[in-house]
Number of protein chains: 2
Amino acid sequence: MTDTVKYVLDEKDIPRFWYNIVADLPTPPPPVLHPGTHQPVGPDDLAPIFPMAVIEQEVSTEREIEIPEPVRDIYRQWRPSPLYRARRLEKMLDTPARIYYKYEGVSPAGSHKPNTAIAQAFYNKQEGIKRITTETGAGQWGSALSIAGAFFGLEIEVFMVKVSFQQKPYRRSFMETFGAKCIASPSELTASGRAVLAEHPDSTGSLGIAISEAVERAVERDDTKYALGSVLNHVMLHQTVIGQEAIRQFDLADDYPDVVIAPTGGGSNFAGITFPFLGEQLRGGKSIELIAVEPSACPTLTRGQYAYDFGDTAHLTPLVKMHTLGSTYVPPGFHAGGLRYHGMAPLVSMVTELGLVKPRAYHQVQCFEAGLQFAKAEGIIPAPEANHGVRAAIDEALRCKEEGVSRAILFNLCGHGNFDMQAYRDFLDGKLMDLEYDEGEIAMALAGLPSVA
Amino acid sequence: MTDTVKYVLDEKDIPRFWYNIVADLPTPPPPVLHPGTHQPVGPDDLAPIFPMAVIEQEVSTEREIEIPEPVRDIYRQWRPSPLYRARRLEKMLDTPARIYYKYEGVSPAGSHKPNTAIAQAFYNKQEGIKRITTETGAGQWGSALSIAGAFFGLEIEVFMVKVSFQQKPYRRSFMETFGAKCIASPSELTASGRAVLAEHPDSTGSLGIAISEAVERAVERDDTKYALGSVLNHVMLHQTVIGQEAIRQFDLADDYPDVVIAPTGGGSNFAGITFPFLGEQLRGGKSIELIAVEPSACPTLTRGQYAYDFGDTAHLTPLVKMHTLGSTYVPPGFHAGGLRYHGMAPLVSMVTELGLVKPRAYHQVQCFEAGLQFAKAEGIIPAPEANHGVRAAIDEALRCKEEGVSRAILFNLCGHGNFDMQAYRDFLDGKLMDLEYDEGEIAMALAGLPSVA
């Protein structure tokens, strides 16, 4: 067998619990603070935006949280997702490395996002909610929540970052096919959107602005809540089905990763694949290298500050301690729209601060080069976000070749690029450029961080 | 369990043989004739366009033909494909019917096409061929062959029907990402293309024209062969992995279909799912209803003539006996580009003539309505071609409701619609129109049929 190998699990191996890394951390995570009082928030503070079951998960310290049976029933449609040994890619690179990828693009939305979208829609439905508002960058999250809304009979209202709305018109059509509403952000629908437009009429938007708009639309209606596709603890939690499955699949392969790699935007795809492995390490298991890959144009982990900050631009959200470029920072409009976020999941930030994660940043052209190489070897066109992980995996595999060592490299191929062909078109035509962040703008945004005692 | 159910097979259950229905037919299929002499063609006549292994399969009467191990190794990446019991759709329709769908969209190309693309690329590589030319309608087949070419190190040259080339620019980017060349047909590259353009400078193209161009480009170079994505016996053969898997999956479900439904363009997706079931029936098994669904605007089976005709417009191919609208007929530019073919697979035509298949035609708007309903229930956006099967399956399920009977309905969901969002956009905006064929043009094309003794 020299061809690409698939490691398949049975449906009964779909995890029955989400794994909560908080139980294994050396210290509790810093508390979430009220934006006004700077005191730790309680469940009542979060109740206008999230259902109670989600709030409980957000602050839980239990190691295992049971996955409701109706959520597992839906997971069954595409889970367990396959783990592949990329033998054709290994051969192309002529590397002694053993390259594995977990493929989340098999979900109906084409990414890992339904793992949490289905769960969040379920809890909202259970608590009698009629409508969920949200933001989306590249459109992966909005697509996933639109599908979940169709399954549970919930209205979905998606604020899509304007640059992505324009770059990827078919993502809007995708969401609308499932009955969702999709609005380019910043919009005239909200005070937050109007404020941004008043100052910057040509704003290309940002995840921070879109979050403000979605939160605003949720709090103004009793039958409406808000859902976030990344960053928060409960989202990291829901995504751990990825890593838990990967651990079992490595058993089947009779192997164990030396390195685990994933792109990081808000952090959920990274947490999803790495936290279960990190948990094993924290409980005395094998020590492995975790590489978080981010875009050079939005270098949250590699250039940001670890501080309390807002999750959104209009400062409607609570304060969380995370790596941030400042909540007012608007990253340039590169193609990996899912990674255009000023902040980072507090849990991913915390384990990075603890020295358990090595962050790394890449420019987009080198990521697309890696994506094309991967596609030719493995037959799958990765999403621009996923290309960041592919780049790092190929670089690690080439380092193995240089050093003449065989290491097991696992990366999370978090989504396919079927809706990102304009980016590939630009790349094929030599029109894709690397974009630089603005040092001054980041400094200004960081200067505006709230001062928390 | 009231949710959608997935019936999963183990990798070892990927079929080891392709099933050849010719072995079970009451009479041998009519021979393929030389376009000049009208005498049955021999292997030497086909050698300039196909590798010898494929030619042998084209005329084989063996019931089982072994799948080469390297082809099965690649199939393993996505096969066995899932069979779903669409319980959410059943609930939405409030029907007593048991609706099942086999989902081929899990392949890297997003359709059933790689089942034969991988096999054909393998045989060409084995015989020392460097380059394969082909045609594509909606782009599904060209995409599949592009991936197969990347895997086996073969150059791929795709003539894409112009209307689809314009409707689906991202299909071209998809093929080019895998290193293939994609040319809008009719083109200036070939005599066949130039002849069409001289007469109809605004020609939107057709599969018949694109086939002429691809065949012409293959015969003019020794290191180049041609590959067809449907119609021919060896393509039907390769697609039978679909139905063979479905039979085993129905065993798991402890059920057996009463009706099997699939869209028909060239016929390979229909043959792929139905022939293994039909074979069981012909060998004395349960008699089931087979429904072939075609577009009303290109009604090959429901309005065409069963006669010898050319596979292409420029009359470069041999003559095959099939249902045809005449090789010069150019169907209107509806969105299911994969179904815009004047002819039909000779084997599908033959079993239809034998009364074993019920053909049915639908207009595109009602197909998109069905596709939207299916997406909301099952989370998958079908390709426009696949929507024809979805429409028929929903209609059969509603008939069960009317009649108060529970029947098992199986349809082949042959591909996802991720590259067809412009069609969904038009549908959502109320801009999608039903297109009619031109009675006079068909009559004219049929009047031009070759007279075969």
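Scroll up for the structure.
This structure is a prediction, so every number in the text was calculated from the model and none was measured. (Residues numbered from 1 in each chain as written. Chains lettered and ligands numbered in written order. Predicted model: local features only at pLDDT ≥ 70, side-chain atom pairs only at ≥ 80, totals over all residues. Heavy atoms only, no water.)

Trainee: Would you mind going over the overall build of chain A in detail, with residue names and values included?
Mentor: Check the secondary structure of chain A and you find 19 helices and 15 strands. Compactness check: chain A gives a C-alpha radius of gyration of 20 Å against a globular reference of 22 Å for 453 residues, within 12% of the reference. Expressed along its principal axes, the backbone C-alpha trace of chain A runs to roughly 60 × 45 × 45 Å. Within chain A, the fraction of its 453 residues that count as buried is 69%. The contacts of chain A with a sequence gap of at least 6 include a subset with a gap of at least 24, amounting to 78%. Here chain A displays about 14,600 Å² of accessible surface, and carbon together with sulfur accounts for 50% of that area. Here chain A holds 41 positive side-chain charges and 56 negative ones, and the gap between their average locations is 5 Å. (Helix = DSSP H or I, 4+ residues; strand = E, 2+ residues; numbered from the N terminus. Rg over C-alpha atoms; globule rule 2.2 N^0.38 Å. Buried < 20%, exposed > 50% of the residue type's maximum accessible area, 1.4 Å probe, protein only. Contact = heavy atoms within 4.5 Å. Areas by Shrake-Rupley, 256 points an atom, 1.4 Å probe, with all protein chains shown as cover. Lys, Arg positive; Asp, Glu negative; His and termini not counted. Charge placed at Lys NZ, Arg CZ, Asp CG, Glu CD.)

Trainee: So, the pairing of strand β6 (residues 131-136) of chain B: which residues are in play, and what are the values?
Mentor: All names here are of chain B. In terms of residue burial, β6 counts as a mostly covered element, since six of its six residues are buried. Of the two faces of β6, the one carrying R131, T133 and E135 and the one carrying I132, T134 and T136 are both buried. Pairing geometry for β6 and strand β7 (residues 155-161), over six bridges, is parallel. By the bridge assignment, T134 is partnered in β7 with V158. Bridge count for β6 against strand β9 (residues 224-226) is three bridges, and the pairing is parallel. The partner of I132 across the bridge, within β9, is K225. (Pairing = 2+ DSSP bridges.)

Trainee: How would you explain the packing of aromatic side chains if you had to name every residue and give the values?
Mentor: Residue and element names in this part refer to chain A. Within this structure, the stated rule accounts for 33 aromatic pairs over all chains. Taken together, a centroid distance of 5.0 Å and an interplanar angle of 70° make the contact between F368 and Y424 edge-to-face. Pair noted here: F368 is in helix α16 (residues 364-378) and Y424 is in helix α18 (residues 421-428), with a separation of 56 residues, a long-range link. Cation over ring: R85 sits above Y100, and NZ or CZ is 5.7 Å from the ring centre. (Phe/Tyr/Trp six-rings, centres within 6.5 Å; stacked < 30°, edge-to-face > 60°. Lys NZ or Arg CZ within 6 Å of the ring centre and 35° of its normal.)

Trainee: Could you give an account of the sheet that holds strand β5 (residues 98-103) of chain B, with specific residues and numbers?
Mentor: All names here are of chain B. Judged by pairing direction, the sheet is mixed, and its seven strands sit side by side in the order β1-β4-β5-β15-β10-β11-β14 without closing on themselves. Edge positions in the sheet fall to β1 (5-7) and β14 (358-362), since each of these pairs with one other strand and no more. Pairs of neighbouring strands in the sheet enclose a mean axial angle of 25°, with direction left out of account. The pairing of strand β11 (residues 289-295) with β14 spans five bridges and is classified as parallel. What sits directly across from I291, in β14, is K358. Relative to the sheet, helix α13 (residues 268-282) contacts β5, β10 (259-263), β11 and β15 (408-413), its axis offset from that of β10 by approximately 160°. The sheet contacts of helix α17 (residues 384-403) involve β5, β10, β11, β14 and β15, and relative to β15 the element is tilted by about 170°. (Axes fitted to C-alpha atoms, helices over the stretch in contact; angles between N-to-C directions.)

Trainee: Go over the side chain of S81(B), please, and point to the residues and values.
Mentor: All names here are of chain B. By secondary structure assignment, the location of S81 is in the loop between α3 (69-75) and β4 (83-85). On the basis of relative accessibility, which here comes to 0%, the residue S81 falls in the buried class. Polar contacts involving the side chain of S81 include one to the side chain of R79, which spans 3.4 Å. Residue contacts for S81: discarding those within four places in its chain leaves K102, Y103, E104, V106, E245 and Q249. (Polar contact = N/O pair within 3.5 Å; in protein donor to acceptor, adjacent residues only side chain to side chain.)

Trainee: Now, about the relation of the copies chain A and chain B: what can you tell me, with residues and values included?
Mentor: Look at the two chain copies: a rotation about an axis and a shift along it is all it takes to match them. Screw-axis analysis of chain A against chain B gives a translation of 0.0 Å along the axis, an RMSD of 0.0 Å, and a rotation angle of 180°. Put plainly, the chains are arranged around a two-fold axis. (Least-squares fit on C-alpha atoms with pLDDT ≥ 70 in both.)

Trainee: Which residues make up the nonpolar core, and what values do they have?
Mentor: Within the largest apolar cluster, 211 residues are counted, with the highest numbers of intra-cluster contacts made by W18(A), F275(A), W18(B) and F275(B). If near-sequence neighbours (up to four positions away) are discounted, F275(A) is found in contact with Y19(A), I21(A), M236(A), T240(A), F270(A), L347(A), V348(A) and V351(A). (Core = buried A, V, L, I, M, F, W, Y, C linked by side-chain atoms within 4.5 Å.)

Trainee: Provide a residue-level description of α17(B), including the pertinent values.
Mentor: Residue and element names in this part refer to chain B. The end-to-end C-alpha separation of α17 is 29 Å, in line with the 28 Å expected for 20 residues at 1.5 Å each. Most of α17 sits out of view: 14 of its 20 residues are buried. Two residues or fewer after α17 comes G404, characterised by a positive phi angle close to 65°. (Expected span 1.5 Å × (residues − 1).)

Trainee: Can you explain the side chain of T95(B)? Please cite residues and give values.
Mentor: Residues and elements named next belong to chain B. Looking at the element boundaries, T95 is found in the loop between α4 (87-93) and β5. Using a relative accessible area of 11% as the deciding quantity, one classes T95 as buried. Not counting residues within four places of it along the chain, the set of residues in contact with T95 comprises E90, A397, C400 and K401.

Trainee: So what's going on with the sheet that holds strand β8 (residues 181-185) of chain B? Which residues, and what values?
Mentor: Residues and elements named next belong to chain B. An order of β8-β7-β6-β9 is seen for the four strands of this open sheet, with the pairing classed as parallel. Each edge of the open sheet carries a strand with a single partner, namely β8 and β9. The average undirected angle you get between the axes of adjacent strands in this sheet is 25°. Helix α8 (residues 169-177) rests against β6, β7 and β8 of the sheet, and its axis sits at about 175° to β7.

Trainee: I'd like a description of the packing of helix α12 (residues 241-253) of chain B against α13(B), backed by residues and values.
Mentor: Residue and element names in this part refer to chain B. Between α12 and α13, the least distance of the axes is 6 Å, while the angle of their chain directions is 60°. Considering only the axes of α12 and α13, their crossing is right-handed. Across the interface between the two elements, I242, G243, Q244, A246, I247 and F250 of α12 pack against G272, I273, P276, F277 and E280 of α13. Residue classes in the contact of α12 with α13 are distributed as seven nonpolar, three polar and one charged. (Left-handed = near helix turned anticlockwise from the far one by under 90°. Nonpolar A, V, L, I, M, F, W, Y, C, P; charged D, E, K, R; others polar.)

Trainee: Which residues make up the interface of chain A and chain B, and what values do they have?
Mentor: Contact with chain A, which involves 43 residues of that partner, is made by 43 residues of chain B. Across the interface of chain A and chain B, roughly 3,800 Å² is buried in total on both sides, 56% from carbon and sulfur atoms. Our enumeration of links across chain A and chain B arrives at two salt bridges. A salt bridge links E176(A) to R425(B), with the shortest nitrogen-to-oxygen separation between them at 2.7 Å. In this structure, the connection of chain A to chain B is made through 16 residue pairs in polar contact (both at pLDDT 80 or more). Those elements giving two or more residues to the side of chain A that touches chain B turn out to be α3 (69-75), α6 (140-152), α8 (169-177), α16 and α18 of chain A. Residue contributions to the side of chain A that touches chain B peak at six residues, all from α8(A). For the side of chain A that touches chain B, the class distribution of residues is 22 nonpolar, nine polar and 12 charged. (Buried area = accessible area lost by both parts, 1.4 Å probe. Salt bridge = Lys/Arg side-chain N within 4 Å of Asp/Glu carboxyl O.)

Trainee: Can you explain the environment of V348(B)? Please cite residues and give values.
Mentor: All names here are of chain B. Locating V348 in the fold gives a position in helix α15 (residues 346-353). Sequence separation between V348 and G267 is 81 residues; the distance between their C-alpha atoms is 6.4 Å. Residues within four places of V348 in sequence aside, it is in contact with M236, G267, F270, A271, F275 and L301.

Trainee: Please provide a residue-by-residue account of unusual backbone geometry, values included.
Mentor: All names here are of chain A. Cis peptide bonds are those with omega within 30 degrees of zero, and the linkage from R79 to P80 qualifies with -10°. Turning to its location among the elements, P80 is positioned in the loop between α3 and β4 (83-85). Of note in the backbone geometry, D254 takes a positive phi value of approximately 55° without being a glycine. By the element assignment, D254 lies in the loop between α12 (241-253) and β10 (259-263). A positive phi angle, near 60°, is found at H315, a position not held by glycine.

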